[in-house]
Amino acid sequence: MATDRRKLIVEAATKSFSLFGYKATTMDQVARLANVGKGTIYTFFKNKEELFEEIVSSLVKEMIAEAEDVIEPGLPFTENVHRALYRLLEFRSQHQLMIKLIQEEKEMGTLAVSEMLQHVEDEIIAYLKQKIEIAISKGAIPAADPEMTSLLLLKMYIALVSDWEKNHEPLSSERIAELMKVFLLKGLSI
């Protein structure tokens, strides 16, 4: 029974954060949505921040599972990186909570939201770093700083997927993969 209430609270809070954002969500709203007393929430979570952390942590696990689903061991590293990053950013752009958090950070600069979005980015970079370290150890790619390479891969991917579209026609998945290979994975040398 306690697990069911906890799950109801997490689901209700996720819904509230997705609809109203972090700043506008109150524990009273979460209690109403979960159909529990406000005190019940505090038996599982000491405050709104802890509840938010729980939700974002689950979100990160879900994102990484999505990336893992598209990786195929027989494909080259560059193809798998492209597939994983594309899936991560697709998830980020389609998941209602992520959309709301990005919007809230942009419009209101809520510190807790900025910190959580940084946490999500850090987790993605750590995930990519692990994949890069494995690829380096197998000789699939040249040795390079795995953390810096992960950051550059992520930022370049975001630029090609999101930033480019602000003033240009969207790039196809194939074109993005090609650009990633040329500029980052192969370099500009002839």
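Residues numbered from 1 in each chain as written. Predicted model: local features only at pLDDT ≥ 70, side-chain atom pairs only at ≥ 80, totals over all residues. Heavy atoms only, no water.

A. Seen up close, the overall build of the protein chain. For the protein chain, the count of helices and strands is nine helices and zero strands. Principal-axis analysis of the C-alpha atoms gives the protein chain an extent of 65 × 40 × 25 Å. Looking at the 190 residues of the protein chain, the share that counts as buried comes to 38%. Surface summary for the protein chain: the accessible area is close to 11000 Å², and the carbon and sulfur share equals 53%. On the protein chain, the mean spot of the 23 positive side-chain charges and the mean spot of the 29 negative ones are 3 Å from each other. (Helix = DSSP H or I, 4+ residues; strand = E, 2+ residues; numbered from the N terminus. Buried < 20%, exposed > 50% of the residue type's maximum accessible area, 1.4 Å probe, protein only. Areas by Shrake-Rupley, 256 points an atom, 1.4 Å probe, with all protein chains shown as cover. Lys, Arg positive; Asp, Glu negative; His and termini not counted. Charge placed at Lys NZ, Arg CZ, Asp CG, Glu CD.)

B. Molecular detail of the pattern of salt bridges. Summed over the entire model, instances satisfying the criterion amount to eleven salt bridges. Close ionic contact of Glu54 with Arg6 constitutes a salt bridge, the shortest N to O distance being 3.2 Å. Here Glu54 is found in helix α4 (residues 48–70), whereas its partner Arg6 is found in helix α1 (residues 2–24), with 48 residues between them in sequence. For Glu54, a relative accessible area of 27% puts it in the partly exposed group. Using a relative accessible area of 29% as the deciding quantity, one classes Arg6 as partly exposed. Arg87 is the partner of Glu90 in a salt bridge, and the nearest nitrogen-oxygen pair spans 3.8 Å. Taken as a pair, Glu90 and Arg87 lie in helix α5 (residues 77–94) at a separation of three residues, close to a single helical turn. (Salt bridge = Lys/Arg side-chain N within 4 Å of Asp/Glu carboxyl O.)

C. The arrangement of the packing of α5 against helix α7 (residues 111–137) in detail. Relative to each other, α5 and α7 sit at 170°, their axes nearing to 12 Å. Classified by the interaxial angle, the pair formed by α5 and α7 is roughly antiparallel. Two secondary-structure elements touch here, α5 through Phe77, Ala84, Leu85 and Leu88 and α7 through Ile124, Tyr127, Leu128, Lys131, Ile132 and Ala135. Broken down by class, the residue content of the contact of α5 with α7 amounts to nine nonpolar, no polar and one charged. (Axes fitted to C-alpha atoms, helices over the stretch in contact; angles between N-to-C directions. Parallel < 35°, antiparallel > 145°, perpendicular 65-115°, else oblique. Contact = heavy atoms within 4.5 Å. Nonpolar A, V, L, I, M, F, W, Y, C, P; charged D, E, K, R; others polar.)

D. How the structure looks around the side chain of Glu121. In this fold, Glu121 is placed in helix α7. Side-chain polar atoms of Glu121 contact the side chain of Lys155, separated by 3.1 Å. Sequence-distant contacts of Glu121, defined by excluding residues within four places in its chain, comprise Leu151, Leu154 and Lys155. (Polar contact = N/O pair within 3.5 Å; in protein donor to acceptor, adjacent residues only side chain to side chain.)

E. Local environment of the environment of Ile9. Within the element layout of this structure, Ile9 appears in helix α1. With 160 residues separating them along the chain, Ile9 and Glu169 place their C-alpha atoms 42 Å apart. With near-sequence residues (within four places) excluded, Ile9 lies in contact with Val30, Ala34, Val36, Thr40, Ile41, Phe44, Phe45 and Leu51.

F. Quick peek at the packing of aromatic side chains. Under the defined criterion, the tally for this structure stands at three aromatic pairs. Note on Phe17 and Tyr22: the rings are 5.7 Å apart at their centroids and 20° apart in plane angle, and the pair reads as stacked. Judged by its relative accessible area of 0%, Phe17 falls in the buried class. Measuring from centroid to centroid gives 4.6 Å for Tyr22 and Phe52, while their planes differ by 40°, and the two rings are tilted. Note that Tyr22 is positioned in helix α1 and Phe52 in helix α4, a separation of 30 residues in sequence. Put simply, the rings of Phe17, Tyr22 and Phe52 pair up and form one aromatic cluster. Just above the ring of Tyr22 sits the side chain of Lys48; from NZ or CZ to the centre is 4.3 Å. (Phe/Tyr/Trp six-rings, centres within 6.5 Å; stacked < 30°, edge-to-face > 60°. Lys NZ or Arg CZ within 6 Å of the ring centre and 35° of its normal.)

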